[in-house]
Amino acid sequence: MWSFGIIVESLKKWSCICPCATQLWGRAGRLRLAENVEYMFGVVGVPVIEVAMAAQAAGIKYVGMRNEQAACYAASAIGYLTGRPAVCLVVSGPGLIHALGGMANANVNCWPVESLSRPVESLSLYWCCRPVVVIGGSSDQNQETTGAFQEFPQVEACRLYSKFTARPSSLVAIPAVIEKAVRSSTFGRPGACYVDIPGDMVNARVDKSHVRQVTCCPPPPVSLAPPTEVLKAVTLIKQAQRPLLILGKGAAYGRAESEVCELVEGCGLPFLPMPMGKGVVPDQHPHCVSSARSRALLYADVVVLLGARLNWMLHFGFPPRFNTHVKIIQVDLCAEEMGNNVRPAVALLGDIRSVVTQVLEVFRKDPWSFPADSEWWAGLRHKMAANAEMSKSGRGHVWHHGCGSGLCHRSRHAGEKQECPPQGGVCGGRQRLWILWDGGGDYVQVQASCGHHRHQQQWHLQWPGR
C-alpha cells in the first residue's frame with residue numbers, strides 16, 4: 001500500500017483531505033461523502049502532485065490558487081462556514097511559509113483548520129481555528145541538515161500557530177497522528193493542527209495489514225454550564241438597569257441564531273453584534289444598537305458576552321469605554337478565556353448554543369422582559385435617532401475615495417437620497433466610497449456606491465478618552 005494512500009484514507013476518515021492510492025480511491029470517495037469533505041485549495045508541485053490527483057479522483061473539488069496564503073485563507077473560510085475542515089495543499093519550504101499567515105489567522109481567530117505541508121519531502125497537516133487541512137511536503141528524513149531542496153524547520157515553525165503539531169515516526173503511525181490532529185482541532189475552542197510527513201514517506205509502501213487502524217473521532221462533545229451559575233446569570237440580567245448583549249464570533253460559529261434571537265426578543269434586550277457576530281441576529285432588528293455603540297458600552301451595567309472576547313475590539317473591557325462597575329456575564333467554551341482583562345461576575349463555560357438554551361429554559365419557566373419604555377431604551381433610541389439625523393442632515397465631514405485615485409479628499413456630505421439593494425444583494429461595477437464622521441465622534445458612516453446602488457454602513461471610531 002502506498003504511504004500517500006494511507007494519508008489520504010486517514011484524512012478522509014477524519015474529515016481531512018489527503019492523497020489516496022489508486023486502489024483506495026473508491027473507498028476514500030465513500031469516506032469523503034460520509035465526512036462531507038468537499039474542498040481542497042492549494043498550489044501543486046513536487047512532491048504533492050500525487051496528492052492533488054488522488055484527491056480529485058476521490059471526488060474532492062480542487063481549486064488551484066496562485067499563492068499558498070490565499071489557499072489557506074480560502075480553506076479556513078470554508079472550515080469556518082461549514083464547521084468541517086477543508087484542505088490546503090502546499091509544497092515544502094516557501095510553500096509552507098506562505099501558508100503560515102493563513103494558519104496564524106485561523107488559529108488566533110479560532111477557526112478550525114488542518115494544514116498538511118510537505119517540506120522538501122514531507123507532508124504537513126495543519127488545522128487552524130477554522131477547519132483547514134494544509135497538505136505539503138518536507139525534506140527526506142535522511143537529507144535533514146544537509147541542505148536538501150527547500151529544507152526548512154517546518155514542524156518548529158508551525159508549532160507557534162497550531163494546537164497540535166507532530167511528524168509521524170513511521171508509516172503505520174500516520175492514521176493515529178491524523179486522528180489526534182483532527183480531534184485536537186475540533187474539540188474545545190477550534191484551532192490549527194499541523195502534521196508533517198517527510199517526503200520519503202509520501203511514496204513509500206507498506207503492507208496494509210501492518211497499518212494500525214484507528215476509529216473515526218466522534219463529533220466534538222457539547223458541554224453545559226452548571227445550573228447554579230445559569231440561575232445566577234438570569235438573576236443578574238433581571239436585576240440589571242441597563243443590560244446589553246454582545247454577540248461574538250462564538251455565537252455565529254456555534255450556530256446559535258434561533259436561540260439568541262429568542263433571547264433578544266423574548267427578554268427585550270438590546271444587543272451589539274461584533275464584526276464576526278453579524279448575522280446571528282439581523283442588523284436591521286429593532287433591538288440592534290450598533291449606531292449607539294459608544295453609549296451602550298459606556299453606560300451598560302450588565303453585559304452578556306456571547307462568544308465574544310474582551311480584546312482590543314471591545315477596548316479590553318476597560319474604562320473609560322466601559323462602566324467602571326459593569327458586571328460581566330461571560331459565555332465561552334474556552335476556560336482559559338474566562339476572566340481575561342475583566343473578572344466576570346458569572347462565568348458560563350460551555351457550548352454557546354447549549355448555554356443560551358439553558359438560559360432560555362429558566363426564562364420560559366419564569367417569563368420576564370426588560371421594559372421597552374425604560375430610561376435605558378429611551379436613551380439608546382434617542383442616540384440612534386440623533387446619529388441618523390446627523391447623517392441625513394449632512395452636518396458631518398465626508399471623505400470621497402474614487403477607484404484608482406489612491407487618495408481621499410475631504411468635502412461635505414450632500415445628503416442625497418440613499419438607495420440600498422435588497423438584503424443579501426451584491427452589486428458590481430466601479431465603486432466610490434464616502435466616509436462620514438459626525439462631529440461627536442460616536443461613529444463613522446461608510447457609503448459605497450457603484451453603478452446600480454448606494455450602500456450604507458456605520459463604523460465606530462475609537463478616540464482615546466471619549
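The rules behind the values
Residue positions are given per chain, counting from 1 as you read along its sequence in written order. At least 70 in pLDDT is required for a residue's local features to be given in this predicted model, at least 80 for side-chain atom pairs to be given and counted, and no such filter applies to totals for whole chains, interfaces and linings, which use all residues. Hydrogens and water molecules were not included; the side-chain quantities draw on all heavy atoms of the structure. Whether a set of points on the 1 Å grid over the protein atoms alone is a cavity depends on a 1.4 Å probe fitting there but being unable to get out, while an open set qualifies as a pocket with protein on both sides within 12 Å along at least five of seven lines; lining residues are those with an atom within 4 Å of a point. Grid points are joined across faces, edges and corners, and a volume is the space filled by probe spheres set on the points. By the criteria applied, helices consist of DSSP H or I runs no shorter than four residues and strands consist of E runs no shorter than two, each listed in order from the N terminus. Here the term charged refers only to Asp, Glu, Lys and Arg, the term nonpolar to Ala, Val, Leu, Ile, Met, Phe, Trp, Tyr, Cys and Pro, and the term polar to all other amino acids, Gly among them. Patch membership requires more than 30% relative accessible area and the absence of a salt bridge. Residues of like charge join within 9 Å; the nonpolar side chains Val, Leu, Ile, Met, Phe, Trp and Tyr join within 5 Å. Shrake-Rupley sampling with a 1.4 Å probe provides the accessible areas, and residues are treated as covered by the protein chains on show and by no other component. Salt bridge, as applied in this entry: a Lys or Arg side-chain nitrogen positioned within 4 Å of an Asp or Glu carboxyl oxygen. Relative accessibility thresholds used throughout: buried, under 20% of the residue-type maximum; exposed, over 50%; partly exposed, between the two (1.4 Å probe, protein chains only). Working rule for contacts: check all heavy atoms of both residues, and any pair within 4.5 Å makes them a contact. Planes of paired rings set the category: under 30 degrees apart is stacked, over 60 is edge-to-face and the rest tilted, where pairs are Phe, Tyr or Trp rings (Trp by its six-membered ring) whose centres lie within 6.5 Å. Only when DSSP finds a minimum of two bridges between them are two strands counted as paired. Handedness rule for crossovers: strands pointing away from the viewer, path from the first strand over the helix to the second running clockwise, crossover right-handed. For every element, the axis is a line fit to its C-alpha atoms; helices are fit only across the contacting stretch, and the angle between N-to-C directions ranges from 0 to 180 degrees. Convention used here: angles under 35 degrees read as roughly parallel, angles over 145 as roughly antiparallel, angles from 65 to 115 as roughly perpendicular, and any remaining angle as oblique. In this scheme, a crossing is called left-handed if the near helix is turned counterclockwise away from the far one by less than a right angle; it is called right-handed if the turn is clockwise. In this context, the arc is that of the directions from the helix axis out to the C-beta atoms. Between N or O atoms, a polar contact is any pair within 3.5 Å; within protein, one atom must be a potential hydrogen donor and the other a potential acceptor, and residues adjacent in sequence are included only when both atoms are from side chains.

S.K.: Quick question: what am I supposed to make of empty space enclosed by the protein here?
M.R.: Any space left empty among the atoms is revealed by the rolling of a water-sized probe across them. According to the stated counting rule, one finds two cavities of 30 Å³ or more in the structure shown. When its volume is computed, the largest cavity comes out at roughly 70 Å³. Taken together, Ala233, Ile237, Leu263, Val304, Leu306, Ile329, Val331, Leu348, Val355, Val356 and Val359 form the lining of the largest cavity. When residues of the lining of the largest cavity are traced back to their parent elements, those giving at least two are α9 (227-239), β12 (302-306), β13 (327-332) and α13 (352-365). If one sorts the elements of the lining of the largest cavity by residue count, α13 sits on top with three residues. Of the residues belonging to the lining of the largest cavity, the class tally is 11 nonpolar, no polar and no charged.

S.K.: Help me out: how do you make sense of a nonpolar patch on the surface in this one?
M.R.: A cluster of nonpolar side chains, Val44, Val46, Ile49 and Met53, forms an exposed patch at the surface whose accessible area comes to about 370 Å². Looking at the secondary structure, you find valine 44 in the loop between β1 (39-42) and α3 (49-57).

S.K.: Please explain helix α11 (residues 257-267) as it appears in this structure.
M.R.: The periodicity of an α-helix, 3.6 residues per turn, causes residues three or four positions apart to be oriented the same way. Of all the residues in α11, the buried ones are Glu259, Val260, Cys261, Leu263, Val264 and Cys267. Buried residues belonging to α11 abut β10 (243-247), β11 (271-273), β12 and α13. Trailing α11 by a residue or two, glycine 268 shows a phi angle of about 65 degrees, which is positive.

S.K.: Got a minute to help me understand the packing of aromatic side chains in this structure?
M.R.: Aromatic ring pairs are defined here through the distance separating the ring centres and the angle between the ring planes. On inspection of all chains with the given rule, the structure shows four aromatic pairs. Between phenylalanine 316 and phenylalanine 318, the aromatic rings sit 5.9 Å apart at their centres with planes inclined by 35 degrees, giving tilted as the arrangement. By relative accessible area, phenylalanine 316 is classed as partly exposed at 36%. Overall, the relative accessible area of 36% leaves phenylalanine 318 in the partly exposed class. Summarising the aromatic geometry, the rings of tryptophan 368 and phenylalanine 370 are spaced 6.4 Å apart at their centres and angled 55 degrees between planes, so their arrangement reads as tilted. Each of the two residues, tryptophan 368 as well as phenylalanine 370, counts as buried. Taken together through their ring pairs, the aromatic side chains of Phe363, Trp368 and Phe370 make up a single cluster.

S.K.: Teacher, can you tell me more about the pattern of salt bridges here?
M.R.: Oppositely charged side chains can form a pair if their charged atoms are brought close together. Evaluation of the coordinates by the stated rule reveals eight salt bridges. Note that glutamate 38 is salt-bridged to lysine 61, the shortest N-O span being 3.7 Å. Of this pair, glutamate 38 sits in the loop between α2 (25-35) and β1 while lysine 61 sits in strand β2 (residues 61-64), placing them 23 residues apart in sequence. Taking relative accessible area as the criterion, lysine 61 reaches 43% and is therefore assigned partly exposed. With its nearest N and O atoms 3.1 Å apart, the salt bridge here joins arginine 353 to glutamate 259. Here arginine 353 is found in helix α13, whereas its partner glutamate 259 is found in helix α11, with 94 residues between them in sequence. Given the relative accessible area of 38%, arginine 353 is considered partly exposed. Taking relative accessible area as the criterion, glutamate 259 reaches 12% and is therefore assigned buried.

S.K.: Just checking my understanding: could you explain the pairing of β2 for this structure?
M.R.: The side chains of a regular strand alternate, residue by residue, between the two faces of the sheet. Relative to β2, β1 runs parallel, the two sharing four bridges. Bridge pairing in β2 links methionine 40 to tyrosine 62. Where the polypeptide runs from β1 across α3 and back to β2, its parallel neighbour, the crossover connection is right-handed.

S.K.: So what exactly am I meant to see when it comes to the sheet that holds β13 here?
M.R.: Paired through backbone hydrogen bonds, the strands of a sheet run either parallel or antiparallel to each other. The sheet built from five strands is open, its strands ordered β11-β10-β12-β13-β14 with parallel pairing. Looking at the sheet topology across the chains shown, the edges are occupied by β11 and β14 (346-349). The sheet shows a mean angle of 15 degrees between the axes of neighbouring strands, direction not considered. Bridge analysis of β10 against β11 gives three bridges, and the strand direction is parallel.

S.K.: Sorry if this is basic, but what is going on with the packing of α9 against α13 here?
M.R.: Each pair of packed helices gets described by two things: the angle between the helix axes and the distance between those axes. Relative to each other, α9 and α13 sit at 60 degrees, their axes nearing to 10 Å. With respect to α13, the axis of α9 lies oblique. The way α9 lies across α13 gives a crossing that is right-handed. Counted together, Val230, Leu231, Val234, Ile237 and Lys238 of α9 and Gln358, Val359, Val362 and Phe363 of α13 form the full contact between these two elements. The class makeup of the residues in the contact of α9 with α13 is seven nonpolar, one polar and one charged.

S.K.: Got a minute to help me understand α3 in this structure?
M.R.: Looking only at α3, the buried set comprises Val51, Ala52, Ala54 and Ala55. Across the axial projection of α3, the buried residues extend over an arc of 165 degrees, all falling on one side. Remark: glycine 59 follows α3 within two positions and exhibits a positive phi of approximately 100 degrees.

S.K.: How do you make sense of the side chain of glutamate 229 when you look at a structure like this?
M.R.: Within the secondary structure, glutamate 229 is located in helix α9. Here the side chain of glutamate 229 touches lysine 232 through a polar contact of 3.2 Å, side chain to side chain. Apart from residues no more than four positions distant in its own chain, glutamate 229 is found in contact with Val346, Ala347 and Leu348.

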